[in-house]
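Commentary on secondary and tertiary structure
Here is how the chains run, residue by residue.
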Amino acid sequence: MKLANLLKGIRLPRPPAAAPPVDLPAPEKVYLPLRQHRGAVAQAKVEPGEQVALGQVVGASEEFESATVQATVSGVVEAIVETVDPAGQKVPAVVIKNDGADAWAEDTALGESLTDPAGVKGTRPSRLLKRLREAGLVRAQVEGRPLHVDLSPPMAPQSYLYMTGIPVVRPVDTLIISAVDADPPVCPNQSCLGQSIEELSVGVAALARISGAKRVILALPSGSDTAAIAAMAGPYEWEIASVSQTAYPFATDNFLVQSLTGREVPTPYGEPKDVGVVLQPMISAMDVGKVLMSGRPVIDRIFSVAGEVKNPQTFRVRLGTPISEVLAAAGGGPSRPGKIIVGGPMMGLAIFDPATPVTRETEGVFVQSAAKVVAYADHPCIHCGRCVAACPVNLIPSELGKLCEFRMYEQAADMDLMNCIECGCCAYVCPAKRPMVHFLRHGKTEVLAGRME
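Fair warning: this is a prediction, and the values are worked out from it, not measured in the lab.

The next thing to look at is the overall build of the protein chain. A count of helical and extended segments in the protein chain gives 14 helices and 19 strands. The C-alpha atoms of the protein chain give 22 Å as radius of gyration, which agrees with the globular expectation for 453 residues (22 Å, within 12%). For the protein chain, restricting intrachain contacts to residue pairs at least 6 apart in sequence, the fraction spanning at least 24 positions comes to 71%. Accessible surface, the protein chain as shown: approximately 20,700 Å² in total, 53% of it carbon and sulfur. For the protein chain, the distance from the average position of its 42 positive side-chain charges to the average position of its 47 negative side-chain charges is 5 Å.

Structure follows, in C-alpha cells:
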C-alpha cells in the first residue's frame with residue numbers, strides 16, 4: 001500500500017522566471033492616498049498651491065497604527081481629493097503635479113547611513129524601529145500593517161493562546177525572508193533576487209536586530225541561483241530554503257512558517273509572532289535596507305504586471321502613479337478588458353477604476369480579458385466534494401457556502417467559517433461555478449459585524 005498524499009490545495013503552472021525590474025519614468029501627476037495600510041488615516045500636512053520637494057512629508061498622524069506619507073515627486077500640490085485605494089475604500093489623497101526636477105527636500109535625512117550589517121547590529125533596536133516609522137514603510141500587501149507595527153512586540157497577550165498550549169508570550173527567535181510569491185504569476189519578490197545584495201543584507205540584519213531573531217531563513221523559489229545570496233550573509237548566518245511555487249496556497253505566511261519551522265500558527269486570529277517567528281517579504285527587507293543605507297524614505301515600489309498584457313513585466317514605479325499608466329507601459333491590456341486585479345489571480349482584489357494609484361501596499365496587478373473572466377452562476381451545490389478535497393485548512397466549503405448563502409452566519413461560524421483563509425481553491429475547482437469566496441468572505445464580515453453589536 002502507498003501512503004496517500006495528504007497535501008491539499010491545488011497545483012498551478014510554474015510561473016516563468018521573473019525578469020529584473022525596469023525603471024518607469026515618473027508620471028506628470030501622482031495621487032498619494034493618506035492611508036496606504038490598515039490603520040488610521042494620516043492628516044494632510046500641505047495645502048493646494050504649496051511647492052513640495054521629493055521626500056517631504058505630506059501626510060502624518062499621531063496614531064501608532066499609521067504611516068507617514070512623503071512626496072514621491074517634486075512640484076506643486078494641485079489639490080487634495082478623494083480617491084479609491086486598492087481595497088476599494090474612499091480615502092483623501094494629495095495630488096502633486098510633477099515639475100520634473102526631482103529635487104530632494106533638505107530635511108529628509110532619517111539618520112546617518114548604515115552601509116554594512118555590522119553597523120546595523122551595533123545600533124539599538126529602538127533607533128532602527130524609529131527610523132522605519134519615520135520612513136513610513138508598510139508591509140507589501142493590501143491592507144498590510146505599517147512595518148513598525150508589524151515588528152513591534154504585542155501590547156498585550158492574546159487570550160486565545162491560553163487554550164492552545166502555546167506560551168502566551170514567546171520571544172521571537174526566527175526571521176523568515178520570503179522571495180516566494182504566494183500568488184503567481186505576479187512575482188515582485190522573485191524579481192528582487194540578485195538586484196541589490198547589499199540592500200538585502202542590511203535590511204535582513206536590521207529586521208533580525210529589531211525582532212531579536214537569532215536564526216534567519218531565506219525562502220527562495222526552487223531553482224534560484226543562491227550562490228551570490230549565500231555569500232552576503234554578514235553577521236547573521238542565513239539558511240536558504242527552496243520552496244515550490246506550484247503548490248498553492250502553501251507559500252502563504254502561515255503555511256510557510258509551518259513548513260520551514262514545524263510550528264503551527266494558531267487560527268483563526270493568530271500570526272507568526274505568536275509562535276516566535278517574524279516573516280517579511282523580500283520587498284520589505286530591501287526597502288528597509290534602502291532606507292538605512294540612503295537615509296531617505298522610499299519613493300517607489302517594485303510592481304509586477306502579469307496576465308493578458310502585451311509585455312508582462314516588473315517595473316520600479318513611483319508611488320502614486322495611476323495603475324492605468326503602468327498598464328500602458330506594459331503595452332496595454334486586451335481590446336475587451338474584463339478585470340484588473342490588484343494582487344494575484346487567486347487572492348487579489350478586482351478594482352473598478354484603472355486610475356487607482358500604486359501604493360505601498362500593492363505588489364502588482366493581474367489583467368484578464370472579458371473572455372477569460374469566469375461567470376459565476378446561482379446553481380445549487382451538486383455535492384461533488386471537490387472543494388472539500390482542495391481546502392488547505394480542512395474545512396467543508398460546500399456546507400459553509402450554503403449556510404452563508406442563506407444568511408445562517410452563526411451556524412457557519414460554528415463550523416469554523418472564521419478559519420477560512422480566502423485562498424480561492426474551492427471556487428477554482430467548483431464545477432457548478434458557485435461564488436464560494438464571495439459567500440464565505442461576506443459571511444465572515446457579517447459574523448464580525450454581529451459580534452460587535
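Alright, that's what it looks like, and here's the rest.
Here we take up the layout of surface pockets. When its volume is computed, the second largest pocket comes out at roughly 910 Å³. Taken together, 28 residues form the lining of the second largest pocket, with Pro345, Met346, Gln368, Tyr376 and Tyr428 sitting closest to its centre. Only β17 (337–342), β18 (349–351), β19 (364–369), α13 (425–429) and α14 (436–451) provide two or more residues apiece to the lining of the second largest pocket. Of the residues forming the lining of the second largest pocket, the biggest block, 3 residues, is contributed by α14. Grouping the constituent residues of the lining of the second largest pocket by class yields 19 nonpolar, 4 polar and 5 charged. Summarising the domain contributions, the lining of the second largest pocket has at least three residues from each of domain 1 (2–13 + 112–154 + 170–294) and domain 2 (386–452).

The accessible area lost on association of the parts is a frequent measure of interface size. We note that the domain assignment places domain 1 (2–13 + 112–154 + 170–294) and domain 2 (386–452) within the protein chain. Each of domain 1 and domain 2 has a C-alpha centre, and these two points are 30 Å apart. At the junction of the two partners, domain 1 supplies 11 residues and domain 2 supplies 16 residues. Between domain 1 and domain 2, roughly 970 Å² of surface is buried when both sides are summed, and carbon and sulfur atoms account for 63% of that area. Viewed at the interface, domain 2 and domain 1 are joined by 5 residue pairs in polar contact (both at pLDDT 80 or more). Here the side of domain 1 that touches domain 2 is built from residues that sort into 8 nonpolar, 2 polar and 1 charged.

Now for the sheet that holds strand β16 (residues 313–318). One open sheet accounts for 6 strands, arranged β2-β16-β15-β19-β17-β18; its pairing is mixed. The open sheet has two free edges, formed respectively by β2 (22–23) and β18, since each of these has just one partner strand.

One pass over the structure, following the stated rule, counts 0 disulfides. Left without a disulfide partner, Cys430 is nearest to the cysteine sulfur of Cys384, which lies 6.3 Å away.

The tally for this structure, following the rule as stated, stands at 1 aromatic pair. An angle of 70 degrees between the planes, with centres 4.9 Å apart, marks the rings of Phe250 and Phe255 as edge-to-face. Exposure remark for Phe250: the relative accessible area of 15% places this residue in the buried category.

Moving on to the sheet that holds strand β12 (residues 238–243). Across the sheet, which stays open at both edges, the 4 strands sit in the order β12-β11-β10-β14 with parallel pairing between neighbours. Two strands lie at the open edges of the sheet, namely β12 and β14 (277–281), each paired on one side alone. With direction set aside, neighbouring strand axes in the sheet form an average angle of 25 degrees. The pairing of strand β10 (residues 174–178) with strand β11 (residues 215–221) spans 5 bridges and is classified as parallel.

In this section: unusual backbone geometry. Following Pro184, the chain continues to Pro185 via a peptide bond in cis, the omega torsion being 15 degrees. Secondary-structure assignment places Pro185 in the loop between β10 and α4 (188–191). With an omega of 5 degrees, the peptide bond running from Thr267 to Pro268 counts as cis. As for its placement among the helices and strands, Pro268 is situated in the loop between α7 (253–261) and β14.

Attention now goes to the side chain of Arg360. Following the sequence through the fold, Arg360 ends up in the loop between β18 and β19. Within the buried core, Arg360 has no salt-bridge partner, and the shortest N-O distance to an opposite charge, that of Asp287, equals 7.4 Å. Here Gly136 takes part through its backbone oxygen, which lies 2.9 Å from a polar atom of the side chain of Arg360. For Arg360, the contacting residues outside a window of four places in its chain are Gln36, Thr68, Val69, Gln70, Ala135, Gly136, Val138, Arg139, Ala140, Val298, Arg301 and Leu319.

On to the pattern of salt bridges. Where charged atoms from two side chains of opposite charge come close, those side chains can pair. One pass over the full model with this rule turns up 18 salt bridges. Note that Arg316 and Asp23 form a salt bridge whose closest N and O atoms lie 3.5 Å from each other. Separated by 293 residues along the polypeptide, Arg316 in strand β16 and Asp23 in strand β2 bring together distant segments of the chain. Among the residues examined, Arg316 registers a relative accessible area of 24% and is labelled partly exposed. The closest approach of N and O atoms between Lys290 and Asp300, which form a salt bridge, is 3.3 Å. Placement of the pair is Lys290 in helix α8 (residues 282–294) and Asp300 in strand β15 (residues 300–307), with a sequence separation of 10 residues. Accessibility classification places Lys290 together with Asp300 in one group, the buried group.

Reading the values: the criteria
Residues numbered from 1 in each chain as written. Predicted model: local features only at pLDDT ≥ 70, side-chain atom pairs only at ≥ 80, totals over all residues. Heavy atoms only, no water. Helix = DSSP H or I, 4+ residues; strand = E, 2+ residues; numbered from the N terminus. Rg over C-alpha atoms; globule rule 2.2 N^0.38 Å. Contact = heavy atoms within 4.5 Å. Areas by Shrake-Rupley, 256 points an atom, 1.4 Å probe, with all protein chains shown as cover. Lys, Arg positive; Asp, Glu negative; His and termini not counted. Charge placed at Lys NZ, Arg CZ, Asp CG, Glu CD. 1 Å grid on protein atoms, 1.4 Å probe; cavity = no way out; pocket = protein on both sides within 12 Å on 5 of 7 lines; lining within 4 Å. Points joined across faces, edges and corners; volume = space filled by probe spheres on them. Nonpolar A, V, L, I, M, F, W, Y, C, P; charged D, E, K, R; others polar. Domains from an automatic or database assignment. Buried area = accessible area lost by both parts, 1.4 Å probe. Polar contact = N/O pair within 3.5 Å; in protein donor to acceptor, adjacent residues only side chain to side chain. Pairing = 2+ DSSP bridges. Disulfide = S-S within 2.5 Å. Phe/Tyr/Trp six-rings, centres within 6.5 Å; stacked < 30°, edge-to-face > 60°. Buried < 20%, exposed > 50% of the residue type's maximum accessible area, 1.4 Å probe, protein only. Axes fitted to C-alpha atoms, helices over the stretch in contact; angles between N-to-C directions. Salt bridge = Lys/Arg side-chain N within 4 Å of Asp/Glu carboxyl O.

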